[in-house]
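Listed below, chain by chain, are the residues.
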Amino acid sequence: MDENKKIKPKQYTHIDYEALLIYAMKNHISLEKAIEDNGLTIARSTVIRNIRKMKQDENQDQTVIDYYQNVYVRNYQKPILPESMIQTIEDFPDKKVVIKNELDDLYKKLSTMNQIAVECGGNLSEATRRINEGKTSLGMIKPISRQGLEKDIKYYNRIKEILEERQEKEEKGEEK
């Protein structure tokens, strides 16, 4: 394998890890159960790794993370939490755990591929060559065939329709 081609790890940018901790504490459940309840397909170790990264970020408010690690984990197994803990947990803000749909990241990648094809005048062979060279905003990705790019562009159009339908439904829901 070429040394210049770095493998990009899967990113879970659609998850608010602090909100996941708050959800677990407010519902007096384990982190694993909170992951399951929110329909996430990630391992507990991934959550822990991302929380560690957040702890190292000086700009990140550490209040929730510190409380979870230093107070909640020690008392989690108790059938009933102390009243002072319950009050502190209730004071944490209610936040959405899934801050955006996983389709959004895929849509962004496919949109970029579509844009490259448009820049190449619809010449998918040329677009494929440019993508595989790694000199686009996609960076180095797994090599793609011309047929694969064609399928991805069709998939992009379908996801675009789904997201537009979802947005229309959300707008109609807000109007009511």
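Here, the structure is the one placed above.
Residues numbered from 1 in each chain as written. Predicted model: local features only at pLDDT ≥ 70, side-chain atom pairs only at ≥ 80, totals over all residues. Heavy atoms only, no water.

S.K.: Would you explain the packing of aromatic side chains in this entry?
M.R.: Where two aromatic rings form a pair, the distance of their centres and the angle of their planes describe that pair. If you walk through the whole model with that rule in mind, you get 3 aromatic pairs. When the centroid spacing of 5.7 Å and the interplanar angle of 70 degrees are considered together, the rings of Tyr-67 and Phe-92 count as edge-to-face. Placement of the pair is Tyr-67 in helix H4 (residues 63-75) and Phe-92 in the loop between helix H5 (83-91) and helix H6 (102-119), with a sequence separation of 25 residues. Residue Phe-92 is classed as buried on the basis of its relative accessible area, which comes to 9%. (Phe/Tyr/Trp six-rings, centres within 6.5 Å; stacked < 30°, edge-to-face > 60°. Helix = DSSP H or I, 4+ residues; strand = E, 2+ residues; numbered from the N terminus. Buried < 20%, exposed > 50% of the residue type's maximum accessible area, 1.4 Å probe, protein only.)

S.K.: Which parts of the structure should I look at to understand H4?
M.R.: Residue pairs three or four apart in sequence face the same way in an α-helix, which turns once every 3.6 residues. The end-to-end C-alpha distance of H4 is 17 Å, a good match for the 18 Å that 13 residues give at a rise of 1.5 Å each. The sharpest bend along H4 measures roughly 35 degrees and falls at Gln-69. Three or more residues of H4 are buried, namely Val-64, Ile-65, Tyr-67, Tyr-68, Tyr-72 and Asn-75. Buried positions along H4 lie against helix H1 (17-26), helix H2 (31-37), helix H3 (44-56) and H5. (Expected span 1.5 Å × (residues − 1). Bend = angle between axes of the 7 residues up to and from the residue. Contact = heavy atoms within 4.5 Å.)

S.K.: Please explain the side chain of Ser-30 as it appears in this structure.
M.R.: As for its placement among the helices and strands, Ser-30 is situated in the loop between H1 and H2. Polar side-chain contacts of Ser-30 include one of 3.1 Å to the backbone nitrogen of Lys-33. Once residues within four sequence positions are removed from consideration, Ser-30 is found in contact with Ala-24 and Tyr-76. (Polar contact = N/O pair within 3.5 Å; in protein donor to acceptor, adjacent residues only side chain to side chain.)

S.K.: Any chance you could explain the packing of H1 against H4 here in plain terms?
M.R.: Where H1 contacts H4, the axes come no closer than 9 Å and their chain directions differ by 40 degrees. As the angle between them shows, H1 and H4 are arranged oblique. Of the two possible hands of crossing, H1 and H4 adopt the one that is left-handed. Of H4, the residues touching H1 (which contributes Glu-18, Leu-21, Ile-22, Ala-24 and Met-25) are Val-64, Ile-65, Tyr-67, Tyr-68 and Tyr-72. A breakdown of the residues in the contact of H1 with H4 according to their chemical character gives 9 nonpolar, no polar and 1 charged. (Axes fitted to C-alpha atoms, helices over the stretch in contact; angles between N-to-C directions. Parallel < 35°, antiparallel > 145°, perpendicular 65-115°, else oblique. Left-handed = near helix turned anticlockwise from the far one by under 90°. Nonpolar A, V, L, I, M, F, W, Y, C, P; charged D, E, K, R; others polar.)

S.K.: I keep staring at the environment of Ile-144 and nothing clicks. Help me out?
M.R.: Within the secondary structure, Ile-144 sits in the loop between helix H7 (124-133) and helix H8 (146-175). Sequence separation between Ile-144 and Ile-131 is 13 residues; the distance between their C-alpha atoms is 7.7 Å. Setting aside residues no more than four positions away along its own chain, Ile-144 makes contact with Met-113, Thr-128, Ile-131, Asn-132, Leu-149 and Asp-152.

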